[in-house]
Amino acid sequence: MSTVRIGLRCDAGPARGVGHLVRCLALGEEFLARGAHVRLLGEVDRVDWAARQLASRGIPLAPGPDTPDGLVEAARRYALDVLVLDSYTLDPAGAGALRAAGVFTLAVVDGDSRGQDADLYLDQNLGAHPAVPAGRLLAGTAYTLLRDDVVAARPPAPRPATPVGRPRVLAFFGGTDALGAAPVLTRVLLSTGHPMELTVVVARPDIEAELATLRPGRGQRLRLAPPTDQLPALIGAADLVVSAAGTSTWELCCLGAPAALVCVVDNQRESYHRVVRHGIAAGLGELPALAAPGTAGRTARAAAVRSLRGLLGSADRRAGLSARAWSTVDGQGRRRVADAVLGAVRPTVLG
């Protein structure tokens, strides 16, 4: 019996973040569990946490080509049956070139297919409806890609309404926090004046240095933590999580975490507004507005402070968010994606 050989084409780094890598890792774990060979083609630049994630799973890393010809050549070099493309910057013609070369291609997208001609498209966002050919789309949170440690930590039910005088708050903003959200949101959290045990995951030394200058108010304690593999446990222990509205949104949903989100970059905006509109998470606004000087910035921060005070002071509000989030993502998305890919590929590989 032939073994299916799968490549994952994505990048991670201080400017790119780690979202593409995290969801590719989740899919890679599922394929590995089914006996496939998996390798990652890409650049993992100055993100030690991400490199450790690959090494711990035994997924080899090779340079990731950017051109259509380079992708085809790499697929042939590694005898790939499948190549997963998860990037906003790759030449869109790469998917079509791979298909023409007989390599099954899955394009992971966020709303915009960028004109790629893939065999299958995956958009795991709430209410996703990218314009792609009929019969080639896996869309919505039923197909969310989550890693083993997140799925394993999923609670059997949403959080109950548990009043606490000094809530435990966790704040994190991706593997690199490329736009410096942590200092802005930490100041907003502390300015609520509400007692809290606040843990902020700090992605970079310069952010740590800035946060170390902050002085919590009465009843507040601030702890800075490095990037960690134990994030699902930290999420599970928190009464409220404040995070960016990226791929971590779906991890928070799977774990039933009461969350308040900030839209950090433009490509998060549509998903952010849908999640907030459906009451799956609270919305704190957009990072540029929250960081702005003058009246506009003060107004945006005041609105975020009001939202956070309401959440910190209401166990019922937090429980409502938890229930809606938990029911949105069941943790089985990657299994459904792998079923679709392998169902299409195996007859050819084994034939």
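Up top is the structure these notes are about.
To start, this report covers the structure provided alongside it.

### Side note on the pattern of salt bridges
Part 1 of the argument: Applying the stated criterion across every chain yields a total of 26 salt bridges.
Part 2 of the argument: Here E73 and R77 are joined by a salt bridge, their closest N and O atoms 2.1 Å apart. Placement of the pair is E73 and R77 together in helix α3 (residues 68-77), with a separation of 4 residues, close to one helical turn.
Part 3 of the argument: By relative accessible area, which is 39% here, E73 ends up partly exposed.
Part 4 of the argument: R269 is paired through a salt bridge with E286; the nearest N and O atoms lie 2.9 Å apart. On the criterion of sequence distance, the pair formed by R269 in helix α10 (residues 269-277) and E286 in strand β13 (residues 282-286) is long-range, its members being 17 residues apart.
Part 5 of the argument: Judged by its relative accessible area of 32%, R269 is partly exposed.
Part 6 of the argument: Within the structure, one salt-bridge network assembled from shared partners comprises E29, E30, R34, R57, D148, R334, R335 and D339.

### Looking at the nonpolar core
Part 1 of the argument: Membership of the largest hydrophobic core comes to 36 residues, with the highest contact counts inside it found for I6, F31, V84 and V341.
Part 2 of the argument: Mapped onto this core, the elements with two or more residues apiece are β1 (5-9), α1 (19-33), β2 (37-41), α2 (48-57), β4 (82-85), β5 (104-108), β6 (120-123) and α14 (333-350).
Part 3 of the argument: For this core, the element with the most residues is α1, which contributes 7 residues.
Part 4 of the argument: If near-sequence neighbours (up to four positions away) are discounted, V341 is found in contact with F31, V82, F104, L106 and L120.
Part 5 of the argument: In terms of nonpolar packing, the next biggest core, distinct from the first, is built from 34 residues, F173, L190, V305 and L311 among them.

### Let's talk about the sheet that holds strand β9 (residues 196-201)
Part 1 of the argument: Ordered by their spatial adjacency, 6 strands build an open sheet running β10-β9-β8-β11-β12-β13, and the pairing between neighbours is parallel. At either end of the open sheet lies a strand with only one pairing partner, and these are β10 (220-225) and β13. The sheet shows a mean angle of 15 degrees between the axes of neighbouring strands, direction not considered.
Part 2 of the argument: Two elements, strand β12 (residues 259-263) and β13, share 3 bridges in a ladder whose sense is parallel. Across the sheet, A260 pairs through a bridge with A282, a residue of β13.

### Quick look at the sheet that holds β6
Part 1 of the argument: On the basis of which strands lie adjacent, the open sheet formed by 7 strands has the order β3-β2-β1-β4-β5-β6-β7 and parallel pairing. Only two strands of the sheet have a single neighbouring strand rather than two, namely β3 (61-62) and β7 (137-139).
Part 2 of the argument: Pairing between β5 and β6: 3 bridges, direction parallel. For A107, the partnering residue across the bridge sits in β6 and is Y121.

### Considerations on unusual backbone geometry
Part 1 of the argument: Even without a glycine there, the phi angle at A79 is positive, about 50 degrees.
Part 2 of the argument: Looking at the element boundaries, A79 is found in the loop between α3 and β4.
Part 3 of the argument: Backbone geometry at R114 places phi at a positive 60 degrees, although glycine is not the residue there.
Part 4 of the argument: Note on placement: R114 falls in the loop between β5 and β6.

### So, the pairing of β2
Part 1 of the argument: In terms of residue burial, β2 counts as a mostly covered element, since 4 of its 5 residues are buried.
Part 2 of the argument: Taken together, β1, α1 and β2 constitute a β-α-β crossover, and its handedness is right-handed.
Part 3 of the argument: Of the strand pairs in this sheet, β2 and β3 are connected by 2 bridges, and their pairing is parallel. The residue bridging L40 from the neighbouring strand is L61, located in β3.
Part 4 of the argument: A crossover links β2 with its parallel partner β3, the connecting element being α2, and its sense is right-handed.

### Focus on the side chain of T328
Part 1 of the argument: Position of T328 among the secondary structure elements: in helix α13 (residues 315-328).
Part 2 of the argument: Exposure remark for T328: the relative accessible area of 16% places this residue in the buried category.
Part 3 of the argument: Within polar-contact distance, the side chain of T328 engages the backbone oxygen of R324 at 2.7 Å.
Part 4 of the argument: Setting aside its immediate chain neighbours within four residues, T328 contacts L126, T141 and I280.

### Concerning the environment of R147
Part 1 of the argument: Summarising the element assignment, R147 is placed in the loop between β7 and α5 (148-152).
Part 2 of the argument: Residues R147 and L83, spaced 64 residues apart in sequence, show a C-alpha to C-alpha distance of 19 Å.
Part 3 of the argument: Every residue in contact with R147, bar those within four places of it in the chain, is listed here: V22, A26, E29, W49, Q53, R57, E251 and R334.

### Here we look at α3
Part 1 of the argument: When α3 is considered as a whole, its buried residues turn out to be P68, G70, L71, V72, A74 and A75.
Part 2 of the argument: Residues of α3 that are buried make contact with β1, β2, β4 and α4 (93-100).
Part 3 of the argument: The positive-phi residue at the C-terminal boundary of α3 is A79, with phi of around 50 degrees.

Calculation notes
- Residues numbered from 1 in each chain as written.
- Predicted model: local features only at pLDDT ≥ 70, side-chain atom pairs only at ≥ 80, totals over all residues.
- Heavy atoms only, no water.
- Salt bridge = Lys/Arg side-chain N within 4 Å of Asp/Glu carboxyl O.
- Helix = DSSP H or I, 4+ residues; strand = E, 2+ residues; numbered from the N terminus.
- Buried < 20%, exposed > 50% of the residue type's maximum accessible area, 1.4 Å probe, protein only.
- Core = buried A, V, L, I, M, F, W, Y, C linked by side-chain atoms within 4.5 Å.
- Contact = heavy atoms within 4.5 Å.
- Pairing = 2+ DSSP bridges.
- Axes fitted to C-alpha atoms, helices over the stretch in contact; angles between N-to-C directions.
- Right-handed = clockwise from strand over helix to strand, strands pointing away.
- Polar contact = N/O pair within 3.5 Å; in protein donor to acceptor, adjacent residues only side chain to side chain.

Worth remembering: the numbers are spatial, not functional.
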